[in-house]
Amino acid sequence: MPLATDVDIHPGQAPDDDPSLAVRNNGGAAPAARPAPPGRREALLVLSFGGPEGPDDVLPFLENVTRGRGIPPERLAAVAEHYLHFGGVSPINGQNRALISAVEADLRAAGVDLPVYWGNRNWVPYVEDAWRQMADDGIEHVYVFATSAYASASGCRQYHEDIARARAVLGPGAPTAEKLPHYSDAPGFVRANAEALAAALDRLPPEVRGSARLVATAHSVPEAMAAVAGPDGGAYQQELLAAARAVVDAVDPGRPVDLVWQSRSGPPSVPWLEPDVNDHLRALAAAGETAVVVLPVGFVSDHLEVAWDLDTEARETAAELGLTFVRAGTAGTHPAFVATVRELLEERRAGGPPRLGTNCPAACCFVARPARR
Ligand SMILES: CC1=C(CCC(=O)O)c2cc3nc(cc4[nH]c(cc5[nH]c(cc1n2)c(C)c5CCC(=O)O)c(CCC(=O)O)c4C)C(CCC(=O)O)=C3C
Ligand SMILES: [Fe+2]
């Protein structure tokens, strides 16, 4: 969905003044990027959220995620339990390793000679360490692919901030960077999700395949964060609605799809996007629905939010309600999604007006954080 990006609604709040962090995209009005200078040593960095690799990592990881965020201790204890239920190992790290291997293979097959690095916001390998490694390896410029497809403070702006922080640690001479656009509208991302939806429908008993209610989910965020997502606000919901629509239209054109929210955090006094997926399942059952397909289009891999909040909690809710429940897969390492990473990269390396994905100005999605409590 093209968003007007000429208007910067939060002037003066850019994480830094690097023009490469303030790429304007869409519609051709944006200044064209210059092609990479010949001989410059470049790399691709896969930048992700990070997750614990064992039980001892769980609490320090959660402290990293929630520092200064006003998350109540009860919520943290509950989330720690979810991780411990999986032996303290988040699935997200294995999924990122698999994505990186697939991207490396895809780049090789396409004749693109570029090393791929990995860094996280909240756990090892930290983005700061990746930056140091890249500097030591002589890398001069980094294209950053973030494992988040949508605009918002959590999904886009914080990744810009991670990049700025990692560069600042090394000071002048650190590898420069540009974040590849977020990509919920990239055809390969839509196709990967559409094939996952088709496979999920195939898993339903034939008698409910045509009637099952389609329920797209994404991480809830505070209403205040949603209000300022993207240059004009509201972009998180708009991009999710458009992605859910495009995914469903690729499988069963025009079939209705609901968009609801999962994994709410924060204190109860702060409003977050609703309805929650569990409440929505209750409403659907009360309205006489008998089967649902849940599509987590808001996420790019089957990480803990998917494995716990959907495959465990929402599935239990559905069972209590007597609803047949199938959960569609995420983009993961689908070849069309892997190719999207390369296409985003190649488009930026070639310079010229960007066509694929959506880039926020560096200063958008700013959200005031709740005070420490
Ligand atoms: C929009 C969005 C995405 C999608 C975009 C993206 O992918 O980036 C996302 C992804 C993820 N969120 C994750 C984990 C957590 N998120 C938390 C907390 C929060 N998420 C938020 C939003 C989002 N989160 C928000 C507004 C908070 C409140 C604190 C704050 O304002 O920042 C907490 C704290 C405990 C809790 O309260 O849940 C945890 C542990 C993991 C890793 C999963 C794994 O380990 O497999 C992933 C991929
Ligand atoms: Fe989160």
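Residues numbered from 1 in each chain as written. Chains lettered and ligands numbered in written order. Predicted model: local features only at pLDDT ≥ 70, side-chain atom pairs only at ≥ 80, totals over all residues.

## Quick notes on the site of ligand 1
Phase 1: Neighbouring ligand 1 are 25 residues, the closest being Gly-51, Ser-90, Ser-265, His-303 and Leu-304.
Phase 2: Elements supplying a minimum of two residues to the shell around ligand 1: α1 (58-66), α2 (73-85), α3 (91-109), α5 (153-170) and α11 (304-321).
Phase 3: When its residues are assigned to classes, the shell around ligand 1 shows nine nonpolar, 13 polar and three charged. (Near = placed C-beta within 6 Å. Helix = DSSP H or I, 4+ residues; strand = E, 2+ residues; numbered from the N terminus. Nonpolar A, V, L, I, M, F, W, Y, C, P; charged D, E, K, R; others polar.)

## Side note on the UniProt feature "binding site: Fe(2+)" (unreviewed entry) in the protein
Phase 1: UniProt tags His-219 and Glu-305 as "binding site: Fe(2+)" (unreviewed entry). A maximum C-alpha distance of 8.2 Å places the annotated residues, which cover 87 residues in sequence, within one compact spot.
Phase 2: Turning to its location among the elements, His-219 is positioned in strand β5 (residues 213-219).
Phase 3: Setting aside chain neighbours within four positions, we find His-219 in contact with Gln-262, Ser-263, Gly-298 and Glu-305.
Phase 4: Tracing the sequence through the fold places Glu-305 in helix α11.
Phase 5: With residues up to four places along the chain from it excluded, the contact list for Glu-305 reads His-219, Gln-262, Ser-263 and Phe-299. (UniProt positions renumbered as here; feature names shortened; annotations may be inferred. Contact = placed C-beta atoms within 7 Å.)

## Topic: unusual backbone geometry
Phase 1: Cis geometry is adopted by the peptide bond preceding Pro-125, which originates at Val-124 and carries an omega value of -5 degrees.
Phase 2: Looking at the secondary structure, you find Pro-125 in the loop between β2 (116-120) and α4 (127-136).
Phase 3: The omega torsion of the bond from Glu-274 to Pro-275 falls at 5 degrees, within 30 degrees of zero and hence cis.
Phase 4: Its location among the elements puts Pro-275 in the loop between β6 (257-262) and α10 (277-286).
Phase 5: Residues other than glycine seldom take positive phi values, yet Ser-263 does so here, at roughly 65 degrees.

## Side note on the nonpolar core
Phase 1: In this structure, Val-144, Phe-145, Val-292, Val-293 and Val-294 are the most contacted members of the largest nonpolar core, which totals 87 residues.
Phase 2: The element that contributes the greatest number of residues to this core is helix α9 (residues 235-251), accounting for seven residues.
Phase 3: Taken domain by domain, the makeup of this core includes at least three residues from each of domain 1 (19-183 + 334-350) and domain 2 (187-327).
Phase 4: Every residue in contact with Val-144, bar those within four places of it in the chain, is listed here: Leu-45, Leu-47, Ile-163, Ala-177, Glu-178, Lys-179 and Leu-180. (Core = buried A, V, L, I, M, F, W, Y, C linked by C-beta atoms within 7 Å. Buried ≥ 20, exposed ≤ 12 C-beta atoms within 10 Å, placed from the backbone. Domains from an automatic or database assignment.)

## What to know about the pairing of strand β1 (residues 42-48)
The two faces of a sheet get side chains in turn, since along a regular strand they alternate between them.
Phase 1: The buried count for β1 comes to six of seven residues, which makes it a mostly enclosed element.
Phase 2: Relative to strand β3 (residues 141-146), β1 runs parallel, the two sharing six bridges. Bridged to Leu-47 within β3 is Ala-146.
Phase 3: With five bridges connecting them, β1 and β2 associate as parallel partners. For Leu-47, the partnering residue across the bridge sits in β2 and is Gly-119. (Pairing = 2+ DSSP bridges.)

## Observations regarding the packing of helix α6 (residues 187-203) against α9
Phase 1: Their axes nearest at 8 Å, the elements α6 and α9 cross at an angle of 55 degrees. For the element pair α6 / α9, the angle class is oblique. Between α6 and α9 lies a crossing whose hand is right-handed. Between α6, through Val-190, Arg-191, Asn-193, Ala-194, Leu-197 and Ala-198, and α9, the contact on the second element is made entirely by Ala-243, Ala-246, Val-247, Val-248, Ala-250 and Val-251.
Phase 2: Across the contact of α6 with α9, the residue classes break down as ten nonpolar, one polar and one charged. (Axes fitted to C-alpha atoms, helices over the stretch in contact; angles between N-to-C directions. Parallel < 35°, antiparallel > 145°, perpendicular 65-115°, else oblique. Left-handed = near helix turned anticlockwise from the far one by under 90°.)

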